[in-house]
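Observations on the model geometry
Each chain, written out:
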Amino acid sequence: MAQVILKNLDKFYGSNQILHGIDLEIQDGEFAVLVGPSGCGKSTTLRIVAGLEEASGGDVYIGDTRVNDVEPKNRDIAMVFQNYALYPHMNVYENMAFGLRLRKYSDEEIKERVEEAAEILSVQDYLYRRPKELSGGQRQRVAVGRAIVRKPSVFLFDEPLSNLDAKLRVQMRTEIKKLHAKLKTTMIYVTHDQVEAMTMGDRIVVMKDGYIMQADHPLKIYEKPQNHFVGSFIGSPAMNFFEVEVQSEQLVNEKFSLPIKDIHPAALKSYEGRKIRLGIRPEHFKLLDTYSSIAASLEVSELMGNESYLYCTTGVDTFIARVPDNTPRKIGSGLSLFAEPEDYQFFDLESGERID
């Protein structure tokens, strides 16, 4: 096992800068998830750690070793790709054994490692089938197994579940978490799916445009996003935002006013008379008519079984409320939506940074 340290990492493709001074420490045995929209630099970061891309600037350490000039095969890492990358003419056993054969392991050692990995991943019954005879989930297990037999210091996963259907993705992310708990090996996992990030990572690294926006425990990121982007990206459905003006004891919008006496942070006092961005998560809304509720009209209702997603508009802002019932509602009907002031989140209108 080993920690992975990135220091002031830059990456250029010609004049286009992909990564901007990335600094990140992933601890020994940690499961870190890099998450962000397409083009944010997360896969490039992973490929630089693997040695498949060369950094334009900065340093990469695996353990105590600077590996910028170390060949990928000598970095003591194993990578699982999105497309499985299995050899179609080899059976499962040979696919899993291939890397060990290249490293001149004995047949006995190869057999022991392959069978151990196959048992961990429940593919022991498929060892002599070829990839075309396997389902997508089974192929992904084999790809993970090929990495496990190497017994590396660091596992790298590049969107490994994106080719699977929804049910298999849920199953496989559970299997990968169980695998991490068993192996206790450092894992770096790249995904654009924030649900995967929230459910799998010990720590989430949220990226945008080649910068790290926030790196923290999933619950901390959910409860206290560092900026507007993180608040909008992490959470399903996404956080709602309203432009409001700060007055002495209330937040004023064109369509509503919300009292904030005794609950707003001291930092809001410096914003009096100015506009900020108010964030409220969909699940914090209640269908309740009070003096501090928001009057809205229902545009769309999605019944999810044990809850409903209500897409609403005030005439100025559109937002989503996630309420714990499945009562059918008429489109265009009026709603009063209330959120506890303690659940308000505040962001600077220009910088997007959290006001806390």
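This one's a predicted model, so the numbers in the text were calculated from it and none came from an experiment.

Describing the pairing of strand E7 (residues 154-158)
Burial within E7 is extensive, with five of its five residues counted as buried. Residues Val-154, Leu-156 and Asp-158 point to one face of E7 and Phe-155 and Phe-157 to the other, with burial holding for every one of them. Here four bridges tie strand E6 (residues 77-80) to E7, and the two strands are oriented parallel to one another. Within E7, the residue paired with Val-80 across the bridge is Phe-157. For E7 and strand E8 (residues 186-191), the ladder comprises five bridges, and the chain directions are parallel. The partner of Phe-155 across the bridge, within E8, is Met-187.

Considering the packing of aromatic side chains
With the rule as written, the count across this model stands at 11 aromatic pairs. When the centroid spacing of 5.9 Å and the interplanar angle of 40° are considered together, the rings of Phe-31 and Tyr-189 count as tilted. Highlighted residues: Phe-31 in strand E3 (residues 31-35) and Tyr-189 in strand E8, separated in sequence by 158 residues. Judged by its relative accessible area of 0%, Phe-31 falls in the buried class. Relative to Phe-319, the ring of Phe-242 lies with its centre 5.4 Å away and its plane at 65°, an arrangement referred to as edge-to-face. Highlighted residues: Phe-242 in strand E11 (residues 240-246) and Phe-319 in strand E18 (residues 318-323), separated in sequence by 77 residues. The class of Phe-242 is buried, set by a relative accessible area of 1%. Look at Phe-319 and you get buried, because its relative accessible area is 3%. One aromatic cluster is present, built from ring pairs that chain together Phe-31, Phe-155, Phe-157 and Tyr-189. A cation over an aromatic ring shows up here: Arg-281 above the ring of Tyr-222, its NZ or CZ 4.1 Å from the ring centre.

Remarks on the nonpolar core
Val-35, Met-96, Val-114, Phe-157, Tyr-189 and Val-206 are the most contacted members of the largest nonpolar core, which has 44 residues in total. Discounting chain neighbours no more than four positions away, the residues touching Val-114 are Tyr-93, Met-96, Ala-97, Leu-127 and Val-149. Listed in part, the 28 residues of the second largest apolar core include Val-4, Leu-46, Val-67 and Ile-77.

Structural notes on the packing of helix H2 (residues 92-102) against helix H4 (residues 136-148)
Two numbers describe how H2 lies on H4: the axes approach to 8 Å, and their chain directions differ by 30°. Relative to H4, H2 is oriented roughly parallel. In this structure, H2 crosses over H4, and the sense of that crossing is right-handed. Residues Val-92, Asn-95 and Met-96 of H2 lie in contact with H4, whose contacting residues are Val-142, Gly-145 and Arg-146.

A closer look at the pattern of salt bridges
Tallied over the entire structure, the rule returns 19 salt bridges. A salt bridge links Arg-329 to Asp-325; the shortest N-O distance between them is 3.1 Å. Using a relative accessible area of 24% as the deciding quantity, one classes Asp-325 as partly exposed. It is possible to trace a salt-bridge network through shared partners that takes in Lys-11, Arg-47 and Glu-53.

Side note on the sheet that holds strand E9 (residues 203-208)
Reading across from one edge, E6-E7-E8-E3-E9-E10 is the order of the six strands in this open sheet, with mixed pairing throughout. Both outer strands of the open sheet, E6 and strand E10 (211-216), are each paired with one neighbouring strand and no more. Adjacent strand axes in the sheet meet at a mean angle of 15°, parallel and antiparallel pairs treated alike. Note: E3 against E8, five bridges, orientation parallel. Looking at E8, one finds that Leu-34 is bridged to Val-190. Against the sheet, helix H1 (residues 42-50) engages E3, E6, E7, E8 and E9, with an angle of about 145° to E7. Across the sheet, H4 is in contact with E6 and E7; its angle to E6 comes to roughly 175°.

Each value, and the rule that gives it
Residues numbered from 1 in each chain as written. Predicted model: local features only at pLDDT ≥ 70, side-chain atom pairs only at ≥ 80, totals over all residues. Heavy atoms only, no water. Buried < 20%, exposed > 50% of the residue type's maximum accessible area, 1.4 Å probe, protein only. Helix = DSSP H or I, 4+ residues; strand = E, 2+ residues; numbered from the N terminus. Pairing = 2+ DSSP bridges. Phe/Tyr/Trp six-rings, centres within 6.5 Å; stacked < 30°, edge-to-face > 60°. Lys NZ or Arg CZ within 6 Å of the ring centre and 35° of its normal. Core = buried A, V, L, I, M, F, W, Y, C linked by side-chain atoms within 4.5 Å. Contact = heavy atoms within 4.5 Å. Axes fitted to C-alpha atoms, helices over the stretch in contact; angles between N-to-C directions. Parallel < 35°, antiparallel > 145°, perpendicular 65-115°, else oblique. Left-handed = near helix turned anticlockwise from the far one by under 90°. Salt bridge = Lys/Arg side-chain N within 4 Å of Asp/Glu carboxyl O.

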